[in-house]
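# Examination of the molecular architecture
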Amino acid sequence: MTLCTEAFIGLAREESRALGMPELPIAIIQHPLGGLKGEQVAQRAREALEQVVVGLTRARH
Amino acid sequence: MFNEKLVSERLTLRDHDDVQETFLARGWSDGLPIVPPTELKVRDMIAASGLPASQVLGVVPPRFAEATVENVAVNAVMAGCRQDYMPVLVAAVQAACDPAFRLYSVQATTHPCGVLVVVSGPIVQQLGMNAGFGTFGPGHRANATIGRAMRLVLMNVGGALPGHGDQATQGSPAKYSYCIAENDAASPWPPLRVELGFLPQQSTVTVIAGEAPHNVNDHVCTSGENILHTVASTMTTIGHNNSACIGTGDVCVVLGPEHAAQIAADGFSRADVREFLFRHARNRVRDMRDRAMWRMHEMPDWIDLDDDDAEIPIVGAPEEILVLVAGGAGKHSAFIPTFGLTRSVTRRVETP
């Protein structure tokens, strides 16, 4: 499971393929993350939560 | 060797314009016209390396693809290299793929570092490289095309394309072509390659993940110490990576010959220069607190980050400041900050 912001999704997918993990679940977060205050970061985390749950559990479906 | 099977994709294209449009559309160009890599040209370039086409020189991230003599030769032809440049390019690619260089980070970072290729030794004259006026600039085939070929390998083999693999926020002109030669004749000290343990008669390539050069203009100093104060001042800024990445990499100072001569005439050895710059190129905690890359990376524990007056050097030790001499007449030198989390790597150039 990997999280990254939308600006870096191309690199993330390239790396997952290059390293032999093309099916790696990637949760995508709105960019930027850097410079946000605590509550804003927490909001990003809440928004990503569903993707994380799906990403970590989908192999079991 | 001339009968070796080559594995590169073969394209049949109509004419020069078709070549340019196709290579641009396929994402194989740096935006400038390329020299068509015909099979004959590529085979000649491979032969000039003295190595088999299939030999792997290293693995190039972010694609983690193998750089082979063949695909490096293809990019060398595209860049406009002469065949006798190939051994330098081979050494440069091998050096960049060394784990100490941390090429994945150098390629993918949002930082604008290019890969500076510094050539030192007899091969500088043999290839007609420029180590004098305009040393960082255009006008000399070897400097221009070796640097360009390096970038094309990083893009075409490694997959570092702007915004797709190469995440540099703004990039840099240093990413087009960044290759210089050390000016042995103008250096008052032994050449960099000798300092690094090679023999004077050997030639080397050093790769440095450097920003474009920051000029150091000192026209009035009549003492070496004062010139070095100007150099140190140029090095001391909070906005480069070395302000916060201490002890994890090196930086580079390229002294112009006139500055180097004055510094050496006042009794400074290269080691003295490094020691001076290490002691004087320092930011203060108060200038860095909550700015730039404050606390993004571990600092050495001998720096008291609770003391506003504490000094922060830009490297962890004097040895992490590379010093060499290049350039023509005039009172200018250059400081090259780096990505910070990378160490320069030097390899010998092996000619067939």
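Residues numbered from 1 in each chain as written. Chains lettered and ligands numbered in written order. Predicted model: local features only at pLDDT ≥ 70, side-chain atom pairs only at ≥ 80, totals over all residues.

### Some remarks on the overall build of chain A
The condition that has to hold: Strands are runs of DSSP state E lasting at least 2 residues, helices are runs of H or I lasting at least 4, and numbering of each runs from the N terminus. Counting other C-beta atoms within 10 Å of a residue's own tells you its class, since 20 or more makes it buried, 12 or fewer makes it exposed, and anything in between is partly exposed; those C-beta atoms are placed from the backbone. Whether two residues are in contact is decided by their C-beta atoms, placed from the backbone, lying within 7 Å.
In terms of regular secondary structure, chain A is built from two helices and two strands. When its helices and strands are written in sequence order, chain A yields β-α-β-α. In terms of its C-alpha atoms, chain A occupies a principal-axis envelope of roughly 35 × 25 × 10 Å. Looking at the 61 residues of chain A, the share that counts as buried comes to 5%. Counted over contacts in chain A with a minimum sequence separation of 6, partners at least 24 positions apart contribute 56%.

### Considering the nonpolar core
Residue and element names in this part refer to chain B. Note the cut-off: Working definition: the nonpolar core is a set of buried Ala, Val, Leu, Ile, Met, Phe, Trp, Tyr and Cys residues, joined through C-beta atoms within 7 Å. Those domain boundaries reflect an automatic or database domain assignment.
Membership of the largest hydrophobic core comes to 104 residues, with the highest contact counts inside it found for Ala76, Leu89, Ala92, Val117, Val207 and Leu277. With nine residues, the top contributor of residues to this core is helix H4 (residues 86-96). Inspection of this core shows a minimum of three residues originating in each of domain 1 (1-211 + 344-352) and domain 2 (213-336). Contacts of Leu277, omitting those with residues within four sequence positions, involve Leu228, Val231, Ala232, Met235, Val253 and Ile321.

### Things to note about the domain arrangement of chain B
Residues and elements named next belong to chain B. The cut-off we apply is this: Think of it as three bins: nonpolar holds Ala, Val, Leu, Ile, Met, Phe, Trp, Tyr, Cys and Pro, charged holds Asp, Glu, Lys and Arg, and polar takes everything else, Gly as well.
When its domains are assigned, chain B resolves into domain 1 (1-211 + 344-352) and domain 2 (213-336). Computed from C-alpha coordinates alone, the two centres of domain 1 and domain 2 are separated by 28 Å. Taken residue by residue, the interface counts 22 residues in domain 1 and 18 residues in domain 2. When residues of the side of domain 1 that touches domain 2 are traced back to their parent elements, those giving at least two are strand E3 (116-120), strand E6 (179-181) and helix H8 (192-195). Its residues assigned to classes, the side of domain 1 that touches domain 2 shows 12 nonpolar, seven polar and three charged.

### A word on the sheet that holds strand E8 (residues 214-217) of chain B
Residue and element names in this part refer to chain B. Rule in force here: Strand pairing follows a simple DSSP-based rule, namely that at least 2 bridges must link the two strands. Axis definition: a line fitted to C-alpha atoms, limited for helices to the stretch in contact. Angles are taken between N-to-C directions and run from 0 to 180 degrees.
Strand order in the open sheet formed by four strands is E8-E13-E9-E12, with mixed pairing between adjacent strands. Looking at strand neighbours, the two that pair on one side only are E8 and strand E12 (321-325), the edges of this open sheet. On average, each strand axis in the sheet is inclined to that of its neighbour by 20°, with strand direction left out of account. By the bridge criterion, four bridges tie E8 to strand E13 (residues 332-336) in an arrangement that is antiparallel. Each residue of the ladder has a partner; that of Val216, found in E13, is Ser333. Packed onto the sheet, helix H11 (residues 270-280) meets strand E9 (251-255) and E12 and runs at close to 130° relative to E12.

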